[in-house]
Amino acid sequence: MASVGGSKNNERRGLMFVLSSPSGAGKTTLSRMLLDKMPGMKLSVSVTTRAKRPGEVDGKDYRFIDKAAFDAMAKKGELLEFATVFDHHYGTPRGPVEAALGGGEDVLFDIDWQGTQQLREKARDDVVSVFILPPSAADLEKRLHTRAQDSDSVIAGRMSRASHELSHWAEYDYVVTNSDIDTAYAEVATILKAERLKRERQTGLSAFVRDLQKQLAK
Ligand code: 5GP
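What you see is a predicted model; the values in this text were computed from it and never measured.

J.: Would you take a moment to explain the packing of aromatic side chains for this structure?
T.: The geometry of an aromatic ring pair is captured by the separation of the ring centres together with the interplanar angle, meaning the angle of the planes. For the structure shown, the criterion picks out four aromatic pairs. Lys-37 extends its terminal NZ or CZ atom over the ring of Tyr-185, reaching a point 5.0 Å from the ring centre. Above the ring of Phe-86, the side-chain terminus of Arg-161 is found at 5.2 Å from the ring centroid.

What follows is the structure, encoded as structure tokens:
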């Protein structure tokens, strides 16, 4: 990375990158792609009281805990935000987020609109939020069935909730329609790259430019 006279211009404040969408709009796939392809980004692993789905790994997809443990974390202030979704409790553990941000890393959140509102209230300047839209209702239903992790009644419940979740799209900084996963990924990655370059996030810039000026004046 460029450096002049010892000052680096790659120091930056970590940001909180939030992806929200109705279930089945491709948010989880987009999250995985971001984590694979964009260095300097860490996933916030939520705690949840819902049952583990086939293929999910405790500690990687979620930390699966019971209601008593969830309530205890909430009471002790260990959750940065929490919400009830589909009758289950979900929350973001505070410690790992603060550690990653403090270390200059970005944190990726796969959370719903309720959690996004809470993060925005706590850290407006550090939150970048993206809402993912499905291209059509039929497409959303097809993806929920293809995922085949949930029963038909659970899928019906998710479809009926989707319309309510969609109503929060206008609270987000960016909206991406996922008609094609590679195109949607490219758009989401572009948002992240541009947000990383925001002047106020590049904390090493003042010193870097001062050094540049010194060099130029010689
Ligand atoms: P799922 O049960 O399909 O994994 O997630 C259901 C919904 O809960 C998704 O919209 C997901 O983004 C949201 N969610 C997952 N973790 C959290 C969390 O920690 N906080 C909030 N507010 N929502 C979450």
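J.: Mind showing me how you'd approach the environment of Met-16 here?
T.: Among the secondary structure elements, Met-16 is positioned in strand E3 (residues 16–20). Separated by 30 residues in the primary sequence, Met-16 and Ser-46 have C-alpha atoms spaced 14 Å apart. Not counting chain neighbours up to four residues away, the residues in contact with Met-16 comprise Leu-80, Val-97, Leu-101, Val-107, Phe-109, Leu-119, Ala-123, Asp-126, Val-127 and Val-128.

J.: Please explain the packing of helix H1 (residues 27–37) against helix H7 (residues 181–196) as it appears in this structure.
T.: To characterise two packed helices, one gives the angle between the axes of the helices and the distance between these axes. Axis separation between H1 and H7 bottoms out at 10 Å; the angle between their running directions is 55°. As the angle between them shows, H1 and H7 are arranged oblique. Crossing of H1 against H7: the hand is right-handed. Across from Thr-29, Leu-30, Met-33, Leu-34 and Lys-37 in H1, the residues of H7 making contact are Ile-181, Asp-182, Ala-184, Tyr-185, Val-188, Ala-189 and Leu-192. Looking at the contact of H1 with H7 residue by residue, the classes come out as nine nonpolar, one polar and two charged.

J.: Is there a simple way to explain the environment of Leu-192 in this structure?
T.: Turning to its location among the elements, Leu-192 is positioned in helix H7. Leu-192 sits in the buried class, given a relative accessible area of 0%. When the C-alpha positions of Leu-192 and Met-38 are compared, they lie 9.1 Å apart, and in sequence the two are 154 residues distant. Each residue touching Leu-192, except ones within four places of it in the same chain, is listed here: Leu-15, Phe-17, Leu-34, Met-38, Met-41 and Asp-106.

About the thresholds
Residues numbered from 1 in each chain as written. Predicted model: local features only at pLDDT ≥ 70, side-chain atom pairs only at ≥ 80, totals over all residues. Heavy atoms only, no water. Phe/Tyr/Trp six-rings, centres within 6.5 Å; stacked < 30°, edge-to-face > 60°. Lys NZ or Arg CZ within 6 Å of the ring centre and 35° of its normal. Helix = DSSP H or I, 4+ residues; strand = E, 2+ residues; numbered from the N terminus. Contact = heavy atoms within 4.5 Å. Axes fitted to C-alpha atoms, helices over the stretch in contact; angles between N-to-C directions. Parallel < 35°, antiparallel > 145°, perpendicular 65-115°, else oblique. Left-handed = near helix turned anticlockwise from the far one by under 90°. Nonpolar A, V, L, I, M, F, W, Y, C, P; charged D, E, K, R; others polar. Buried < 20%, exposed > 50% of the residue type's maximum accessible area, 1.4 Å probe, protein only.

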